[in-house]
Structure formats: C-alpha cells, structure tokens
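For reference, the chains in residue letters:
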Amino acid sequence: MRPESAYITIDKNIEKIKDFINEVIIVPKHTLTKWATVTNQTPAAKIGYIGQHLVSLITGVQGTGTGARGNDLADGSEVKSCNKVDQADKCKNCESRVMRFESKCPHCGSTNIERKDDSKWLFSIHDENELNTYKNLNRIVLLLMDYPNFKKNDFMDVRITAFEIYPKEERMSVFNELISTHYFKNYLPKKNAKKKTNPMNLHPWSFQFYKCNPVKIFECTIKNIDTTPSVIIDNNVYVKPDMERNESLQTIPMPSMLLRAAEWTELLKKSNYKKDIEPLIVKEYLEKEGIRGLSKTQFSKLSLNKKAEALPFLNEELRNIISLRPVAPVRQKKNYKRI
C-alpha cells in the first residue's frame, strides 16, 4: 500500500497545512460566528470542498478540478469529509435550536442542552457500476473535524484527523463487505419497492469504522479556536505522502467498550485466549482487583464493563475475529452520483 509517487507533487506539506488551516478554517470560523449572532444561522461551514483541499495538502496529491464529479485526487483517491464542529444543538426543555456557542436556550433560557455529535461520512451507491467503483478504489481518505473533549462539553479545541482505507487490500476488505451489504440489502430492496433510498453511513469511532481497519495518517489540534488559536500538528502521527502503508503501520486500536455481549462471546470462542487475549490484559486492572491473572473462565464471567476495563482495546487480529454488523441507513437529503 504505497501511494503512487508520480502523483505526489505538493511539497512542504506541514507548513502549507498550517497556513491553510489558519486562512481557510480559523479566520472564516471567527467571521461566521460573529455574523451568526446577527443572523441566527449556524456558523458551521460546509467542509466537503475544504476537506478536499486539506487532503491534497496532507497526501501531497493534487485534485482534478472536477468538484463533485470524477476523481477527488489525481491518483484516483476518494475523499470523504465529516464535520462535527458547530453542529446545531437542541434545547431539551422546549426543543428549540441552540447554537454551539450559546450556553443556554435563547427561547426559554434553559441550560439543559442536547449537544449534537451525529455527523458521519456518507457513501451513495445508485447502481452496481458505482458499487464496483468504490470497491476498486486504490484509496479512500476520510477527513474528520471534531472536538476531542466533546464529552466534557469543552468546545475550545478542534481536532482534524485523516484516515486511509485501501478497499482492495485484504486487511481492509471489510469496507467492501459493508458497502456491498448496504447496496444489496438496504438500497436495492427499497428501490425495487419504489421507496425512498438512503446512502450508507459510516460513523467516526463506530464499530463498523474500526472493523474497516483504517490507518491514521494525520492529526492536528487547533487549540483555543475561538479565542487565541494555535495549530499543533502531531508529528508522531503524520505519515508522509510517499511512505509505505504496510503491516508496520498499525491500524487504530478499537475500544472494546463498543462490543456487545454476543460479540464478547464470539471473541472468546474463536480466539486463542492464552495467546491472543491474556497477554493484553492490563496490569492496572489486575493490580486494582488484587489478582495475578485472569483465566478464560474468569474473564468470561466478568460484566461487560469489567471486560472492557481488563482489555480496553482490540488489536487488528482480535477485531478481525468478530462478525460484521449491518450498517443502518440514514435519510438522504439530496442525490449525488459519483462518475
């Protein structure tokens, strides 16, 4: 999995990424937030085209100038963007819309606000040719903008992350299974019944996302984005455009808390516990419980929370053991066809 070097034409990537983020993301966000207080419109900017610019700088590969038509990058890569920043929130008291920068509902004054975090990557497939196009892509780049401290209601820092999936590679072939299942079991039955069809949705940090075995190639944090912003790029994460994406580049660890009871049972049944699981039991858990180790029988009797505490993450080998869940469709707001 090495990107084609002939298409890598953008250099000084880190410097250009920082300049781009400052000029195209931070400054416009400040301007939109200012005007949102006047217009009462969401300050969230559509990230689709912005995402393509940013991915070109991350991968070093230029686009094709086709907008929503044709290849997103010159090497044939597909780019999907997801923006969880500045989503419109909802008051739990009166169900009115609340802006992300508002601490209370402007209609009833309630501070009981439901902060939204449900944006996702969408894959629209309308026929088998389009399905096969996705399955035969050399690379899919997933760009994500989110809040690393969202669960703490902390919206000061914004994180930008890029992941790669190579559908034709065996270790990432689950993506093809996901998209094929969606097309044949969700899309076609609805189309044939003349019902409204939906795209396949892939949620960041979901079970299905981790099952695709994505590799992280870039991450940066915009600290204090609304006040005194600074862009911090994690050089330990950044994978240079011409680097080989082989087995030494590990896929991101999958949090075991995502597993359901039946999936834990499947994992314990199909894996070699002594070889594959026992060495990964964290010492902190054993020390906290005052025990030296956990046998397979003891582990299987733990609650779901205790299992996740003892084995917080699944490596690529373990997650590959677990069967794939179907992807739930979402309502499609507009048509898009990749040609």
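Residue positions within a chain follow its written sequence, with the count starting from 1. Residue-level local features of this predicted model are given only where pLDDT is at least 70; pairs of side-chain atoms are given and counted only at 80 or more, and the full residue set underlies all totals for whole chains, interfaces and linings. Remark: hydrogens and water are excluded; side-chain values derive from all non-hydrogen atoms of the structure.

## Section: the pattern of salt bridges
What counts as a salt bridge is simple: a side-chain nitrogen of Lys or Arg found within 4 Å of a carboxyl oxygen of Asp or Glu. Counted under the stated rule, the structure contains 25 salt bridges. Of the charged contacts, one joins D157 and K223 as a salt bridge, the two residues approaching to 2.9 Å between their closest N and O atoms. Taken as a pair, D157 in the loop between strand 6 (140-146) and strand 7 (158-165) and K223 in strand 9 (residues 215-223) lie far apart in primary sequence, 66 residues in all. Each residue's exposure class comes from its accessible area (1.4 Å probe, protein chains only) as a fraction of the maximum for that residue type: buried when under 20%, exposed when over 50%, partly exposed otherwise. Judged by its relative accessible area of 31%, K223 falls in the partly exposed class. Among the ionic pairs, E278 bridges to K274, the shortest N-O distance being 3.1 Å. Looking at K274, the relative accessible area reads 59%, which means it is exposed. Only DSSP runs of H or I reaching four residues or more are called helices, and only runs of E reaching two or more are called strands; each is numbered from the N terminus.

## Examining the sheet that holds strand 6
In short, DSSP must find at least two bridges between two strands for them to pair. The five strands are arranged 1-6-7-9-10 in an open sheet whose pairing can be described as mixed. Edge positions in the sheet fall to strand 1 (78-83) and strand 10 (230-233), since each has one partner strand and no second. Here the strands of the sheet are splayed against their neighbours by 15° on average, with no regard to which way each runs. Here strand 1 runs beside strand 6; their pairing, made up of six bridges, is parallel. Note on strand 6: the bridge partner recorded for C82 is L144. Here helix 2 (residues 48-59) sits on the sheet and contacts strand 1, strand 6, strand 7 and strand 9; the angle it forms with strand 6, its principal contact strand, is near 115°. To get an axis, a line is fitted to the C-alpha atoms, and for a helix only the part in contact is used. The angle between two axes follows their N-to-C directions and goes from 0 to 180 degrees. Only heavy atoms enter the contact rule, under which two residues are in contact if any of them lie within 4.5 Å.

## Re the confidence of the model for the protein chain
Reading predicted coordinates in detail is not appropriate for stretches of low pLDDT. Scored from 0 to 100, pLDDT records how confident the predictor is in each individual residue. Scored by pLDDT, the protein chain comes out at a mean of 90, with 94% of its residues at no less than 70. Note on residues 332-339: pLDDT is under 50 here. Beyond four places in sequence and across chains, it has 28 contacts.

## Quick notes on helix 4 (residues 174-192)
Expected helix span is computed as 1.5 Å times (number of residues minus one). The terminal C-alpha atoms of helix 4 lie 26 Å apart, and with 19 residues this matches the ideal 27 Å at 1.5 Å per residue to within 8%. Buried within helix 4 we find V174, F175, N176, L178, I179, S180, H182, Y183, Y187 and L188. Turning to helix 4, the residues buried within the fold contact strand 5 (121-123), helix 3 (128-135), strand 6, strand 7, strand 8 (200-202) and helix 5 (207-211). Two residues or fewer after helix 4 comes K194, characterised by a positive phi angle close to 60°.

## Points about the sheet that holds strand 3 (residues 97-98)
Taken together, three strands build an open sheet; the order of strands is 3-2-4 and the sheet is antiparallel. Each of the sheet's edge strands pairs with one partner strand only, and the pair in question is strand 3 and strand 4 (113-114). Bridging between strand 2 (residues 89-91) and strand 4 involves two bridges; their strand directions are antiparallel. By the bridge assignment, K90 is partnered in strand 4 with E114.

## Structural notes on the side chain of D86
Within the secondary structure layout, D86 lies in the loop between strand 1 and strand 2. Overall, D86 belongs to the buried group, its relative accessible area being 6%. By the criterion applied in these results, polar contacts are pairs of N or O atoms within 3.5 Å in which, for protein atoms, one can donate a hydrogen and the other can accept it, and in which residues neighboring in sequence qualify only through two side-chain atoms. Here K29 takes part through its side chain, which lies 3.3 Å from a polar atom of the side chain of D86. Setting aside residues no more than four positions away along its own chain, D86 makes contact with K29, T42, P43, A44, R100 and Y147.

## A short note on the packing of helix 3 against helix 4
At a minimum axis distance of 10 Å, the contact between helix 3 and helix 4 shows a crossing angle of 170°. When the interaxial angle is binned, helix 3 and helix 4 end up roughly antiparallel. Residue-level inspection shows E128, L131, Y134 and K135 of helix 3 in contact with helix 4, the latter providing F175, N176, I179, S180, Y183 and F184. Classification used: nonpolar for Ala, Val, Leu, Ile, Met, Phe, Trp, Tyr, Cys and Pro, charged for Asp, Glu, Lys and Arg, polar for all others including Gly. Considering only residue class, the contact of helix 3 with helix 4 consists of six nonpolar, two polar and two charged. To sort the angles, those under 35 degrees are grouped as roughly parallel, those over 145 as roughly antiparallel, those from 65 to 115 as roughly perpendicular, and the leftovers as oblique.

## Regarding the nonpolar core
We define the nonpolar core as a collection of buried residues of types Ala, Val, Leu, Ile, Met, Phe, Trp, Tyr and Cys that are connected through side-chain atoms lying within 4.5 Å of one another. I21, F123, I160, F218 and F299 are the most contacted members of the largest nonpolar core, which totals 84 residues. When residues in this core are grouped by element, the largest group, seven residues, is from helix 4. Ignoring any residue separated from it by four or fewer positions in sequence, one finds I160 in contact with I21, I25, L54, L143, L144, M145, F218, E219, C220 and I222.

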